[in-house]
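Take a look at the letters that make up each chain.
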Amino acid sequence: MSDDHTRVQEFFTARAAGWDSRFPDDGPAYAAAVADLGLRPGDRVLDAGCGTGRALPALRAAVGPSGVVVGMDLTPAMLQAAVRAGRDREGRLLLADVTALPLRSDSLDAVFAAGLIAHLPRPAENLRGMARVVRPQGTLALFHPIGRAALAARQGRRITPDDLRAEDNLGPLLARAGWRMTSYVDEDDRFLALAVRES
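The numbers attached to residues start from 1 for each chain and follow its sequence in the written order. Since the coordinates come from a predicted model, pLDDT governs what is reported: local features require at least 70, and pairs of side-chain atoms require 80 or more to be given and counted, while whole-chain, interface and lining totals use all residues. The side-chain quantities take in all heavy atoms of the structure and omit both hydrogens and water.

Participant: Please explain the sheet that holds strand β6 (residues 179-187) as it appears in this structure.
Facilitator: Strand pairing in a sheet takes place through backbone hydrogen bonds and is either antiparallel or parallel in direction. Paired strands, in this sense, are two strands between which DSSP finds at least two bridges. In this text, helices come from DSSP runs of H or I with a minimum length of four residues, and strands from runs of E with a minimum of two, each type numbered from the N-terminal end. Spatially, β3-β2-β1-β4-β5-β7-β6 is the arrangement adopted by the 7 strands of the open sheet, whose pairing is mixed. Looking along the sheet, the strands with just one partner apiece sit at the ends: β3 (92-95) and β6. Neighbour-to-neighbour, the strand axes of this sheet turn through a mean angle of 15°, independent of strand direction. As paired strands, strand β1 (residues 44-48) and strand β4 (residues 108-114) are joined by 3 bridges and run parallel to one another. Looking at β4, one finds that Leu46 is bridged to Val111. Together, β2 (68-73) and β3 form the strand contacts of helix α5 (residues 76-84), whose direction differs from that of β3 by roughly 165°. Here the axes come from fitting lines to C-alpha atoms, over the contacting stretch only for helices, and the angles between their N-to-C directions go from 0 to 180 degrees. Pairs of residues are marked as contacts when any of their non-hydrogen atoms sit within 4.5 Å.

Participant: Sorry, what's going on with the environment of Ala48 here?
Facilitator: Assignment of secondary structure puts Ala48 in strand β1. Working definition: with a 1.4 Å probe on protein chains only, accessible area under 20% of the residue-type maximum means buried, over 50% means exposed, and in between means partly exposed. Here Ala48 falls in the buried class, since its relative accessible area comes to 0%. With 67 residues separating them in the primary sequence, Ala48 and Gly115 have C-alpha atoms 9.6 Å apart. Those residues in contact with Ala48 that sit more than four places away from it in its chain are Met72, Val98, Val111, Phe112, Ala113, Ala114, Leu116 and Met130.

Participant: Explanation requested: the side chain of Asp47 in the structure shown.
Facilitator: Tracing the backbone through its elements, the reader meets Asp47 in strand β1. Positive charges come from Lys and Arg, negative ones from Asp and Glu, while His and the chain ends are left out of the count. Throughout this description, the term salt bridge denotes a Lys or Arg side-chain nitrogen within 4 Å of a carboxyl oxygen of Asp or Glu. Buried charged residue Asp47 carries no salt bridge. Nearest counter-charge: Arg54, at 8.4 Å. Sequence-distant contacts of Asp47, defined by excluding residues within four places in its chain, comprise Ala55, Leu56, Leu59, Val70, Gly71, Met72 and Phe112.

Here you go:
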């Protein structure tokens, strides 16, 4: 396991038990972002870096009982918190590394990724891996329940010009990885970039 992965696991393991209680009001923002992803009944969707599974209920509601929902995370403690919250009933939880997706090519209709991009060790390569598992014209949502400025303020830092989530950086990054950005929202109460997998 790389140092990047070890740091991510250590960070989230220490916070897993109280994660949901730290952010108790995020549910509506997750539901709205999932709605904007445009899923249909029967679709197959991955919640990449699902953490405690906060998106899983909305993803399940969107794809219905005939759809497939997979929540994947690198940190066992986060998946255990998802199980304690009962979110394993909404989809299959998988302990795996989203930078090396153990999924067939073109096997999904969409990927939902909340707060993930900042933790990707090789963003272009890792986003390309997500494109591989999504069918052509499938979709990607890069989401955070608060915008870049609000998140930076919460973390006591400033936004820098090299921030991957800046629109001028993210669009070209996605394009290099096989995605075309179709919308971009960065407001105090949410960040959401949507993209379509190019053929």
